[in-house]
Amino acid sequence: MKIKLTKLGFNVPKRLLFLIMRTFILLLCTTVFSFATTDSFSQEQVTIDMDKEVSVDEVFNIIQNQTKYRFLYPQDLFTYAPKVQLKKGIIPISRLLKQSFAHSDVKFEVSQNNTIVITEIPKMILPGPMATQNYKVSGTVTDHQGEPMIGANIIEKGTTNGTQTDFDGNFSISLTDDNAILVISYLGYVTKEMSVKGMSQITIVLNESAADLDEVIIVAYDRQSKSSYTGAAVEVDLKAVEETPLASFQESLQGNVAGLQMSTKSGQPGSAPDIRIRGIGSINASSDPLYVIDGIPVVSGNIANIGTNSNTIAGLNPNDIANITVLKDASATAIYGSRGGNGVILITTKKGKEGKTRFDVNVQSGVSNVILPDRMRPLNSKQHIELLIESRVNTGESMADATDFILNNVDPNVDTDWVDVITRQGLYQQYNLSANGGNENTKFYASVGYYDQEAVVIGIDYKKFNSRVNINHQATDKFNIDFGVGLSHQILHSNSDAGNAANPVRAMLRTVPWEPVYNEDGSYNTDILLTYNPVGLVEKNIRETKLYGVLANLSLKYDLTKNLSFETKGNFDFNLADEFRFDNPDFGEGRNDGGRGRAFDNKILNYNITNLLKYNLRLNNDHNFNFLLGQEAQKINESSLFAFASNYGAPGLTTLSNASVYREASSTKTASSISSYFFNVSYALMNKYYFNATARRDGSSRFGSDVRYANFGSVGLAWNITKEKFLEDSNVITNLKLRTSYGINGNQEIGDFASRGLYSTGADYDGEPGYIYSQQINKNLTWEKNKPFNVGIDFNLINRISGTVEYYHRTTTDLLFRVPISATNGLTTYFDNIGEMTNSGIELALNTINFDNQDGFSWLTNFNFTSNSNEITKLKDGQAIVDDNYIREIGGDFYTFYMPGFAGADPDNGDALWYVDSSESQTTNQYSEAQPYNQGSALPDFFAGLTNTFTYKNLSFSFLLYLNYGNKVYDPWGRYTSSDGSARLNDRGNMTRNIYNNRWQKPGDVTNVPKVVYGNKQSGLSSQHSTRFLYDGTYLRLRDVSLGYSLSDAITKKMAVNEFKIYLKASNLLTWVKDKNIEVDPEVGIGGQSDLRIPVSSQFLIGLNISL
Amino acid sequence: MSITIFSCSDNFLEIDPEQNVPAENAVIDENTLKTALNGVYSELQSSNYYGRSIYVIPELMADNLFLSSRNTGRYLDFDNFVVSERDSYVEGLWIKLYSVLANASRVIEGGEKLKSGSTEQQVLFDQLVGEAYALRALAHFDLVRLFAQPYNFTSDASHLGIPIINQVYNERISPPRDNVKNVYKQINSDIETAINKMSASKKNGKFSVGGAKALAARVALYQEDYDAAITYSTQVINSGTFQLIDHDQYADLWANDFNSESIFEIVNTVSDNSGTNGLGHFFDVKGYADALVPLDIINTYDPDDIRLNAIIQGAKPGAEQDANFVGKFPKGTEHDDNLRIFRLAEQYLIRAEAYAKTEQPTLAQEDLLTVMKRAKPTAVPVTETGEDLMDLILLERRKELAFEGHRLFDLNRNKRNVTMIQSDNKTEESYPNDKFILPIPLSELNANPDMKQNPGY
């Protein structure tokens, strides 16, 4: 008997599932177990309170301590047995015993008085090679990720002939028959049979068996077995996060998590995308989820002044992430109380594993290109001049005069391709190195990373440096210390977006082609864009944002008794944005005062203390309680500095010391705090019925003292139907679980002092201080309450089709809203709790194993679908609120567009027409007579992600399709690019290709593009918001395509590496839009408005993973 | 663990803002009274008020300015005479003006509650509170002339005015529009209080008795209360506090802060620079140079008229080769100029108009000549009377007060048609005209159910 059992940790695949089963060492499994078990025995479970390694004798002690069973066996029977690795969690006794006896040829029987009798059975005599013909087959067993499986059992079918895989997943077996079928098994995996006829070398891939696993998922403040969990939580498949070229893990969530909508607003690398879990939870308070990294509720999003698209969370290296769990319903989030309302994203970073130190190296390099379909490409000079001449003719001028006039003012020989000028191919590279290892008591994980990405727009780039160390130390049997610290440094070069003169994207889409970039002498043409030559600005100006992040946590855990433990955690989250902006003295913003320099410094220190008391109570076999009592306090301090000086002298020197005029200096400070207590109990009845209840009390500094504290809570129920007798033995339905929950959580993300009546300082006059009335008091301002109801079914059919279907209905009451008020108040908004809103929807997540062929070909499909509908159900006084281009009214959804309807061009005269009102029965050519009305929502009817993964031997191929369906997208800048001639010769008066291709030209033309008229006042004015620029936002995107090849084990062995993988990846390769007129990329952020931001780009890269 | 214990104490959740003052503590002593009053003055610097809009709009929507064929799009709809209720400049004006009203009312209420420690201090308090009254009158007046038809639009001024704000509200309000008559009543009452309370005859950068009287004279003229207009303008002219700048020193009128002709001006320091949103930036060829001066007005000047010096000839890059730029804001793009809201020349013209309309042509001719002679010492006395004299006075107002935000009001309150000049177009818009006043902004209509839109919008 070959026993290899010294080191652990070599078999834990990269994707760290918390599978209790898989942490046991598996050895020879030719043992035939004789189960003489009763029902109750098979249901009985014990709780392993912490990860540990114990002898078989100690296993019996554990079982005896927790159950009524007693063991009877010959002394010394297990003296030489290897130790058993136990992982924290819950495990059925039968399985625990099975593992403990895995190496030994024993049988056990449960007698009437709950005594388990263990006896040795005679060693089986394996047929020796002498007795057989020598058909020898060797091979490798891996999991579906290609990780070698150590200790997998290989048995010749129908015989007792067997062996197991070694450390590298390799095995070799001599067979009695060349028609032999091998049975390959591994606990927690689907057993596979395979014909080996004529083969001498085979590779076997085993797939996880969902039914057999009792996965542990990471939940709030704890871990819990998946089967007993009553909440809606999704563990993100880290394959979607690893190996992606994206700076932040958030960007990888699109299409991978049902119920989670991710929309990128800006192509700025390192930017914060919009993330909504189960719809829009709030109006004016944040709708962003809470991010918790290793137990720390962290500062997320933008903290910068210049790089306003920056994202503190991008500081976390996706390669350091071991687990991402998205918590969606009340049962999952209520324990986060006032911050759980918009869902919670829990992130756990990688921890060290015991064993030989393993090094992982990942390298990626690639390019990105702008996505700009032909319909969006600006016109050239010839085309534009044609339009201008026509626009003069349409004012009544003769063709000859019009041509003369235009050619006198426009140089047709200049033809600048502004797309070519502003965009570029962006280079990208990323390097990561990590090491992990340790011994029984102390384990470590350490990593460094470097990320460098140029955007597809000139002057925009992003760099990131990361490092992280996680250490776990088991000080004594009872005392465990966890320490982690992550450092990040992000450097962004960004630029202004929207209508800002310095915005290069605006320059690209709006500058006329007859203006050159450079003058004939090679200097910048600063006659354009009010001197804001976009190329010159990139060269001469500085817009630099440096973000520094420290995320540190220390967690101490002490086991007071075997059932009672105390944990205390101290967390520290520090973010600094150090920014500098320089505007050159020659052109652009600094031209009139000798150049301008601005320095910004913004610091946010967030600390959090958590104390947890956990208690497990087992009344008898059927009743298991887990209690959690916690206390938490968090404080966020923010302070900033700003300095502004102008008039520079020394060439090339840009620090403020080189400027002579000191313009402004200021500092600000603010803080907020939360103090909380919480309690959770989960109760398992016969491991079939589960009950979970949570209560939390939060106090926040942000609310008035009268309404400062609030209570939150939830209840959850789950029924594991497969544990019922009628399904217990089903081969069809291998898992079926029904769960439901309801609760209340909250939202307090409204700024620090929103309830107070305030004057704002800083309004100085003539060198003297001044202040202005800035906020109306609202003593009653309080939490927004979010009440989610959830019902879901988890299922697994024939071990091939697994998934989850959920329905949710989420009501937000006491909506925090910045109510527009009459300006006669001296203010235009007032913060109030005004109404109610609901989000309800259906989520479907489906994972299928379509093909799992014996020759190593497999095909897996993951599909998720989310349909959310948002409805405002109550508003103060029932009154609709018009907010810019949206209307918020009862019965409507939050992002309902509200603007006049465009009715195309009058076929008779080419005038733009608008509908008079919502009946759309009458049109007018007077914009002022057109009433605004509802025009549909920016929120999609549904969105879905489909991932297919194909594996053949060492080759893998996968792609992700993302579909966003049924929303509207508004281009507020369409009013400028569709000027219909109103911009005359303005250098920002470029007209779109749509105008060129489709404009009205002569009576009878039926088109939706009006005629062009020089100095047009009828249409093309910047105040004319209308559905002319509102598009159907439906799109289908081939988001990720990945082709990977891993060297076979035979080769990696020779090379002395654990893994060697090379892959190609492409993202945003193809995009299909439903609305062929859309003039922007349809992915524009949740609100559905494009804003001349850096476009989403396509990307190609090659990557290499080596593991030593 | 010490933090844990700390967190349990009550003051963990007691955090106060560090850049804000509780509204109830905004005016509690001499110092805070000054600070709150400075806040009101600083609102006047905004590009949504005297910082730009109120100078530009009444000139663009008439014949004194037009937008270059190559412009930044700022105020384009005013130039095109197609202003809509969604216009952001209209909204900006509305919001800023009501902010002045709310803040001034808070200063008044806070200041009047203060107990002075000495007579000297009471005099100071009265001066400061008086300034707030004057600022409130100015903002009401600017609102009513921008958003409501002139006083004489109906015989009893009963047509739609604007909501009056004359107190502090701690609850949200949605007031309806008052009629024009009541708005003027409020303005006059505030001016009277201001004049009574203030003691300073001139105060650099601040309202003074002189400033309040200059305002009173202008208000009276708009209200067609010519006796009051004559009384107040005479008091200003005769006070001896202000003198017209000499012909030779005409440039000083625009270049020198607090010059002898300036009655009330808003101070802009280096740190107030609104940058590209400044008035200078809007006019200067080095800035946007969006608005240009039409030949139509240039041709009204005698070639020797010194006021032509306030118009700069040049070329607009990439557009008009022969362009004329506004030169009344000589610091241009470099530094925002002080904003002269009242100056003595206007008082002469106010009095001239009031005399003319009260059948006192000789006195009117005299005042008119004073202004003309400063512009051109050899100017010959005017002899016209009646409507002709009125035409001359209006023309002189156009020439003297060009680009200072008077033109549209002057024409509308005199029931004149308005010529709209654009870069390649010119149209005559007839009186009465719905579009001679601005629409109530859409955001106000949406937020205030009792608000009524102006006809025609």
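Model, not experiment: these values are computed from the prediction.

## As for the overall build of chain B
Along its length, chain B carries 17 helices and nine strands. Taking 457 residues into account, the globule formula puts the C-alpha radius of gyration at 23 Å, and chain B, at 23 Å, falls close to it. Reported as C-alpha extents along the three principal axes, the dimensions of chain B are approximately 85 × 55 × 45 Å. Sorting the 457 residues of chain B into buried and exposed places 63% on the buried side. For chain B, the proportion of contacts with a sequence separation of at least 24, taken over those separated by at least 6, is 70%. Just so you have it, chain B exposes about 15,900 Å², and 47% of that area is on carbon and sulfur atoms. Between the mean site of the 43 positive side-chain charges and the mean site of the 66 negative ones, chain B shows a separation of 1 Å.

## Focus: helix 5 (residues 88-113) of chain B
Residue and element names in this part refer to chain B. Counted at 1.5 Å a residue, the expected span for helix 5 with its 26 residues is 38 Å, and the 37 Å between its end C-alpha atoms agrees. Of all 26 residues that make up helix 5, 20 are buried, and the element is covered over most of its length. By the N-cap criterion, in which a side-chain oxygen at the helix start approaches the backbone nitrogen of a residue two or three places on, helix 5 is capped by D87, the distance to Y89 being 2.8 Å.

## Examining the packing of helix 2 (residues 30-44) of chain B against helix 6 (residues 119-147) of chain B
Residues and elements named next belong to chain B. Look at helix 2 against helix 6: their axes get within 11 Å of each other, and the N-to-C directions meet at 25°. It follows that helix 2 is roughly parallel to helix 6 by the angle criterion. Handedness of the crossing formed by helix 2 with helix 6: left-handed. Where helix 2 abuts helix 6, its residues E30, L33, K34, L37, V40, Y41 and L44 lie against Q121, L124, F125, L128, E131, A132, L135 and L138. Here the residues of the contact of helix 2 with helix 6 sort into 11 nonpolar, one polar and three charged.

## Quick look at the packing of helix 14 (residues 361-375) of chain B against helix 15 (residues 386-400) of chain B
Relative placement of two packed helices is described by the angle separating their axes and the distance separating the axes. Residues and elements named next belong to chain B. The N-to-C vectors of helix 14 and helix 15 enclose an angle of 25°; their axes lie 11 Å apart at closest approach. The orientation of helix 14 with respect to helix 15, classified from their angle, is roughly parallel. Crossing angle aside, the handedness with which helix 14 passes helix 15 is left-handed. Contacts between helix 14 and helix 15 involve P361, A364, Q365, L368, V371, M372 and R374 on the former and, on the latter, L389, L392, I393, E396 and E400. Class assignment of the residues belonging to the contact of helix 14 with helix 15 gives a composition of eight nonpolar, one polar and three charged.

## Section: the environment of A:S646
Residue and element names in this part refer to chain A. Relative to the helices and strands, S646 resides in strand 33 (residues 623-648). Spatially, the C-alpha atom of S646 lies 9.9 Å from that of S657, the residues being 11 residues apart in sequence. In contact with S646, not counting residues within four places along its chain, are D593, G595, R596, A659, S660, V661 and R663. At a separation of 3.0 Å, a polar atom in the side chain of S646 contacts the side chain of R663.

What counts, and at which threshold
Residues numbered from 1 in each chain as written. Chains lettered and ligands numbered in written order. Predicted model: local features only at pLDDT ≥ 70, side-chain atom pairs only at ≥ 80, totals over all residues. Heavy atoms only, no water. Helix = DSSP H or I, 4+ residues; strand = E, 2+ residues; numbered from the N terminus. Rg over C-alpha atoms; globule rule 2.2 N^0.38 Å. Buried < 20%, exposed > 50% of the residue type's maximum accessible area, 1.4 Å probe, protein only. Contact = heavy atoms within 4.5 Å. Areas by Shrake-Rupley, 256 points an atom, 1.4 Å probe, with all protein chains shown as cover. Lys, Arg positive; Asp, Glu negative; His and termini not counted. Charge placed at Lys NZ, Arg CZ, Asp CG, Glu CD. Expected span 1.5 Å × (residues − 1). Polar contact = N/O pair within 3.5 Å; in protein donor to acceptor, adjacent residues only side chain to side chain. Axes fitted to C-alpha atoms, helices over the stretch in contact; angles between N-to-C directions. Parallel < 35°, antiparallel > 145°, perpendicular 65-115°, else oblique. Left-handed = near helix turned anticlockwise from the far one by under 90°. Nonpolar A, V, L, I, M, F, W, Y, C, P; charged D, E, K, R; others polar.

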